Amino acid sequence: MKPIFLSLALSLGLSSCQTPVSTEAYWVNSTPSPAPVPLKDDLRVAFVGDLGANDDTRAVLDLIRREKTDLFVLLGDFDYQDKPQLFAKLLDEHLGPVPLLAVIGNHDKKEWNGYISVLAKRMRAIPGLRCEGEIGVKMLCEYQGLSLVFSGIGLRGEGHEAFLKEALTKAESPFKICVWHMNQAKMQAGTKKDQVGWDAYEICRSEGAMIATGHEHSYSRTYLLSDFENQTVVNHEPELVLNRGQSFAFVSGLGGKSIRPQKPVSPLPGSAIVEEPWWAKVYTADQQAKASVLFCDYRVEKD
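What counts, and at which threshold
Each chain carries its own residue numbering, running from 1 in the direction its sequence is written. Owing to the predicted nature of the model, reporting of local features is limited to residues with pLDDT of at least 70; listing and counting of side-chain atom pairs is limited to 80 or more, with chain, interface and lining totals taken over all residues. To get the side-chain values, take all heavy atoms of the structure and skip hydrogens and water. What makes a salt bridge here is a side-chain nitrogen of Lys or Arg within 4 Å of a carboxyl oxygen of Asp or Glu, nothing more. Helix and strand definitions here come from DSSP, where helices need a minimum of 4 consecutive H or I residues and strands a minimum of 2 consecutive E residues; each element is numbered from the N-terminal end. Three exposure classes are used, based on accessible area relative to the maximum for each residue type with a 1.4 Å probe and protein chains only: buried under 20%, partly exposed in between, and exposed over 50%. Angles shown run from 0 to 180 degrees and are taken between the N-to-C directions of axes, each axis being a line fitted to C-alpha atoms and, for helices, limited to the stretch in contact. Geometric relationships in this document are graded by angle, where less than 35 degrees denotes roughly parallel, more than 145 denotes roughly antiparallel, 65 to 115 denotes roughly perpendicular, and other angles denote oblique. Contact criterion: two residues are considered in contact whenever any of their non-hydrogen atoms come within 4.5 Å of each other. Each residue gets one of three labels, nonpolar for Ala, Val, Leu, Ile, Met, Phe, Trp, Tyr, Cys and Pro, charged for Asp, Glu, Lys and Arg, and polar for the others, Gly among them. Joining through side-chain atoms within 4.5 Å is the link that ties buried Ala, Val, Leu, Ile, Met, Phe, Trp, Tyr and Cys residues into a set, and such a set is a nonpolar core.

(A) Up close: the pattern of salt bridges. Per the stated rule, a full pass over the model turns up 14 salt bridges. Lys89 is the partner of Glu93 in a salt bridge, and the nearest nitrogen-oxygen pair spans 2.8 Å. Separated by four residues within a single helix, Glu93 and Lys89 lie in helix H2 (residues 84–95), roughly one turn from each other. Note on Glu93: relative accessible area 44%, which makes it partly exposed. The exposure class assigned to Lys89 is partly exposed, which follows from its relative accessible area of 46%. We note a salt bridge from Glu207 to Lys176, for which the minimum N-O separation is 3.2 Å. Here the residue Glu207 occupies a position in the loop between helix H5 (198–206) and strand S10 (210–213), and Lys176 occupies one in strand S9 (residues 175–179), the gap between them amounting to 31 residues. What you see here is one network of salt bridges that share partners, running through Arg44, Glu67 and Asp297.

What follows is the structure, given as structure tokens:
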């Protein structure tokens, strides 16, 4: 089991880095507080999707709990069996009380009402969580100094681009995170096709919001980009300085279901795999990847 750690910084004066439920249960609302919630020191957030319900899945959840995680952001595709009760049991037995927020995945649509019940129950138990909108589909959450915008773009509902713009404008916290499940072909290291559109990526980039996705069963992270559609790299520095107009995206899909190879990008048959130049890191079956979790630490040592 492999933890992956990433350090972040911000500029522009910001801080560094099966049972049907009623329609009402789809929505969470809260009364805005008079001031933004301060960023918690040494806040650890786990990002991973595509879990499954096997030994690797259980090991991933155990790792998240063992790393003293403050928040687990599940990037879609829960148990792959359309069994919300099984999903809840996995969480209870292996994740424990770790706070959980999640976005819808393509393998969650059939029994989404049941999954909403599981997510809503856990959300109600998170002290200090402020959310509004449709759970896992169009939802803005403020937690411990993070603003997280969840979108079911490409899967459920319409008007996601307008929602992203509005939510990011309302977001109060210094670190803004866009979360959805699906990908564009060039924003993942496997063979997934365009399923999101570039507007969503560019809206988040314009606000300096990092983009967290799943769907492809591998790990990949871009360099800092000033244009997602054209994959324009700002620099190749190890430090990612988020700013309005520049950000990065990652796929963290090694949650346990399976591990896929990297797509060959060389036109010559049988040639060695060559990474596309906008990737800072690629970790797939071709790199002997293991089931893994991406951990991001915020406000490290009060920085």
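Don't stop here, the text continues.
(B) Molecular detail of the packing of H2 against helix H3 (residues 112–123). Direction vectors running N to C along H2 and H3 enclose 30°, while the axes themselves pass 8 Å from each other. On the basis of their axis angle, the class for H2 and H3 is roughly parallel. When H2 is examined against H3, the residues Pro84, Phe87, Ala88, Leu91, Asp92 and Leu95 are found in contact with a partner set consisting of Gly114, Tyr115, Val118, Leu119 and Arg122. Among the residues forming the contact of H2 with H3, the class breakdown is eight nonpolar, one polar and two charged.

(C) Main features of unusual backbone geometry. With phi around 65°, Asp77 is a residue other than glycine that occupies positive phi space. Mapped onto the secondary structure, Asp77 falls in the loop between strand S4 (71–74) and H2. For Asp77, a relative accessible area of 1% translates into the label buried. The backbone phi angle of Gln231 is positive, close to 55°, even though this residue is not glycine. Tracing the backbone shows Gln231 in the loop between strand S12 (224–227) and strand S13 (232–235). For Gln231, a relative accessible area of 11% corresponds to the buried category.

(D) Molecular detail of the nonpolar core. Ranked by internal contacts, the top residues of the largest apolar core, which has 94 residues, are Phe47, Phe72, Phe87, Trp180 and Tyr298. Ranked by residue count, the leading element in this core is H3, at seven residues. Here Trp180 is in contact with Val103, Ser151, Ile153, Leu164, Val196, Ala200, Tyr201, Cys204, Ile211, Ala212, Thr213 and Gly214, once residues within four sequence places are set aside.

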